[in-house]
Amino acid sequence: MRFYRLLSKVFPRPFRRDFERELETTAADMLRAEGARGRAHRVRLWSGLVADAVTSGLAQRRAERTGRDVSVRFLWTEVRQAFRALAARPASAGIIVVLLAVTMGANAAVFGVVSATLLRPLPFADPERLVLLWESYEPMHMATMPWSDPDYVSVRNAPAFSGTAIFGSRRVVLTGRGEPASLRAARVEGTLFDLLGVPAAHGRLFNAAEAGRDDVVVLSHAVWMERFGGDVDILGVSILLDNQPRIVIGVLGREVAFPPPITFSGQMISPETDLYLPYTIDTAAEARGSHGSFAIARLRPGVTVDEARNELGGIAANIARQFPDTNSGIKMTATPLHGQSVAAIRSVLLVLLAAVAGVLLIACASIANLILARAFSRGHEMALRAALGASRASLVRQLLFESALLGMAGTAIGLVAAHWISSGLLAINPIELPDMFRSSLDWRVLGFTAATTVVAVCVFGLLPALHGSRTDLVTVLRGTRTTQSPSERRTRGVLVVVQVALAVVLLVTSALTIRSLTQLWQVHPGFRPDDLIATHVSLPTSRYADDAAQRAFLERVLARAAQIPGTTRVAAVTQLPFVLDRNSSDYSVVGEPARKTGDYLIANFNRVSSAYIEALRIPLVEGRTFDGTDTSASPLVVMISRSLAERHWPRGEAVGHQLLLGQGEGEIPKTIVGVVGDVRSDGFDGRIEPTIYLPSPQAPSPAYWMVMTTARRADALASEIRTAVHDIDQALPIGSVRGMPDIMSATVRKPQFTAVVVSAFAATALLIAAIGLYGVLAFDVAQRRRELGVRVALGATASTIRRLVLARGFRLVGVGLAAGIALSILASRSLSGLLFQVPATDTVAFLGAGTTLLVTALLAIWVPARRAAHADPIETLRGQ
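What counts and how
Residues numbered from 1 in each chain as written. Predicted model: local features only at pLDDT ≥ 70, side-chain atom pairs only at ≥ 80, totals over all residues. Heavy atoms only, no water. Buried < 20%, exposed > 50% of the residue type's maximum accessible area, 1.4 Å probe, protein only. Helix = DSSP H or I, 4+ residues; strand = E, 2+ residues; numbered from the N terminus. Pairing = 2+ DSSP bridges. Core = buried A, V, L, I, M, F, W, Y, C linked by side-chain atoms within 4.5 Å. Contact = heavy atoms within 4.5 Å. Salt bridge = Lys/Arg side-chain N within 4 Å of Asp/Glu carboxyl O. Axes fitted to C-alpha atoms, helices over the stretch in contact; angles between N-to-C directions. Parallel < 35°, antiparallel > 145°, perpendicular 65-115°, else oblique. Left-handed = near helix turned anticlockwise from the far one by under 90°. Polar contact = N/O pair within 3.5 Å; in protein donor to acceptor, adjacent residues only side chain to side chain.

(A) Structural context of the pairing of strand β6 (residues 216–219). Across the two faces of β6 the burial is the same, with Val216 and Val218 and Val217 and Leu219 all buried. Across two bridges, β6 lies against strand β11 (residues 275–278) in antiparallel orientation. Within β11, the residue paired with Val218 across the bridge is Tyr276.

(B) View of the nonpolar core. Ranked by size, the top nonpolar core spans 86 residues in total, and within it Val110, Phe460, Phe761, Leu773 and Leu853 carry the most contacts. Elements represented by at least two residues in this core include exactly α5 (90–119), α12 (343–377), α14 (392–427), α15 (443–469), α17 (486–521), α23 (749–783), α25 (798–827) and α26 (843–869). Once you skip the residues sitting within four places of it in the chain, Leu773 turns out to touch Val496, Gly809, Leu812, Val813, Ala857, Ala860 and Ile861. By size, the runner-up hydrophobic cluster in this structure holds 32 residues, among which are Val637, Tyr693, Val707 and Ile743.

(C) Examining the pattern of salt bridges more closely. Within the structure shown, the criterion is met by 15 salt bridges. Of the charged contacts in the structure, one is a salt bridge between Asp151 and Arg288, with a shortest N-O distance of 2.7 Å. You can see Asp151 sitting in helix α6 (residues 149–155) and its partner Arg288 sitting in the loop between β11 and β12 (294–299), a full 137 residues away along the chain. Neither residue differs from the other here; Asp151 and Arg288 are each classed as buried. Put simply, Arg738 and Asp742 hold a salt bridge, and the shortest N to O gap is 3.3 Å. Via salt bridges that share partners, Arg624, Asp627 and Asp630 belong to a single interconnected network.

(D) Representation of the packing of α25 against α26. Following both chains from N to C, one finds α25 and α26 inclined at 155 degrees, their axes separated by 9 Å at the closest point. Of the possible angle classes, the one that applies to α25 and α26 is roughly antiparallel. Pair α25 / α26 crosses with right-handed handedness. Along its contact with α25, which presents Ala798, Ile801, Arg802, Val805, Leu806, Gly809, Phe810, Val813, Leu817, Ile821, Ser824 and Ile825, the element α26 presents Phe846, Gly850, Leu853, Leu854, Ala857, Leu858, Ile861, Trp862, Pro864, Ala865, Ala868 and Ala869.

(E) Local environment of the side chain of Asn606. Relative to the assigned elements, Asn606 resides in strand β17 (residues 601–608). Residue class for Asn606 comes out buried when judged on its relative accessible area of 6%. There is a polar contact of 2.9 Å between the side chain of Asn606 and the side chain of Thr574. Here Gln575 takes part through its backbone nitrogen, which lies 3.0 Å from a polar atom of the side chain of Asn606. Residues contacting Asn606, with those up to four places away along its chain left out, are Val573, Thr574, Gln575, Thr691, Ile692, Tyr693 and Leu694.

Next up, the structure:
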């Protein structure tokens, strides 16, 4: 035999002679058993395993005699044995590798997003010292409010900060470079780039002396490549922005993006900035009440965020005493820039990480059961190794080697799969993450994956190794062992219970997120979005500087758009519902007593054309809507929402009363002509805010949304809408044309993302748990076939045998279900912040999860139960 030749080369005659007779007898028995199956290649594999067993036993004895550690040669023998053992059973090894590849890939993909978003520092100098500054005003329900310029000037020299900068955003129109393009511009104070510690990739950036300049621009790397072809010669060249020439002085690096995502009003806003313009600070007294910009600061070394907050609190109190009319009740605070950027999605990512870790644990339990089954079938091999001198530690080490090889193979394939899973996650992500938050296979992901592999191998490899190494030599070598020991059967049952319990937790989490999403979709938005499409139009103020020009353009473009075939109504609005853009201010009711200083009445202001209410089919509650008589020359009028009317006139009769908008001395009272239904402007889960509607002819604007009612698709109308606008002004860019349902769905992308991904993980966990349950019962039936045959021979019916197997399965499922529900009650508390109008212990979700598990478990249990009930007792008693 081949392994005798190997034996003679590796070991001297004295060590070989003692084992030849025992080896020959054992190998002959194996050859006869395998010959009965007619597979010569398996004989060769078994022969190799026996040879390796002898080699391992003799090498270990030699090592013990000499007192030396196991040599490299001995370790290589262990690895070779592991390879041969896996090759002897390729089917089970393949299943384990596939399970690991899927689960490890999912873990690596999710952790990659978590790492890039929550752990990777922002690409700025000393990012941990950067803080975002906020104002807040409770009467407006705004825990975070943008800054007014004078308020910012009052805090920028605070001792806690080594530097500050203010920034805002606006839309500009680029012309002279192909098709007109609407670009997002960040207006930044000249000190910003020094504060961030970022250099220019080409040219230079703004400095403090360039505040207020209107003739320079810095390009982002993305727009430099897309619009200017990455041409370095663009530096010093003048480009037209809003028909005004500006000289390009620099280009930012590829990795720099400012501002980072900002969590504002509970939403994560991720503006992709195309270019940067100098910020002009307005220090006029009347600007103190106008809040529209953001502020950033760098803490001095040694100063904590809490110390900065205390300092800002004192400054806010002093400003409120000096300017009670505008700052009474306004507070100031600071939050770490990175933490605030990801505040809106942190909880979602942590839930996903916990969910995918649960799937991995379920997979490990299933793999442990598979390895236990393999270990039972390898009882003769383990007994032979022990008989030839291998210690239990050697057997445990050998089985762990096999698990480690499986873990490394599954992880290697999983890292490849992680790329595709990451792409899928980003394709349905709740926001458009900027490049700084794009996941990549960096050292964090590789380290996490390596650590997860080690833990997984220990979880699914150690327990089977301990069980597989504990063998009764006499029983196994005599061939009298045909069933599992009670401890093995109990261990396999416990692993199934763990799988079922974790699957229940994921199913409950999935059910809760789906229920929450369903509740969101059932909220009535206050209007009918069917057949509505919208596009944004922005007029450059350099060419449309006065009200008359803006008013004339709007009248012409609405009339031209109404001629598009299939269009029934065309309207304009400055704040489209579900587009998270508010213009709130104070108002007062003529005739009511004057309110105390700082006790403001706040409402949203929205400028709309006459057809807006009819186009969105907002219900009219009282009075009339705007019509053609509400012109710039007619008396000033407004409409109000139902919530604002109920605030002052709960019994009705709001029509005819007058409002003053703002606190200016020249403010002219405006008469209420109608009351309309409330609209959820900030999304399905947003608060209903009182709203005042102004007619666009009396309150024109340079930027608005054009809304059209049509039965045609948005993409089919895009070119015709563009033509309609260009018939009036060829230099105007048109935003994307989108259906209103599509715009509305964007506000539920985060809960939809959570529900879809968690449900996918829950379905995977349920499938793995069902396969594990089926495998355990099928193995039990196979091991108990002789017992079941005896029962049938003694008169047991098929239904009795079926009930016996079903009872075993449902005992495991029942214990797992109870444990899973208990764990779900504890785990669901962490989900409360992600749920909308659904309690964390929602009965429907728990019942749905339990029912799904029971139905799936029944399918998994029924197959082995049916097979046991229909087994031929004669064949089972013969052992066939």
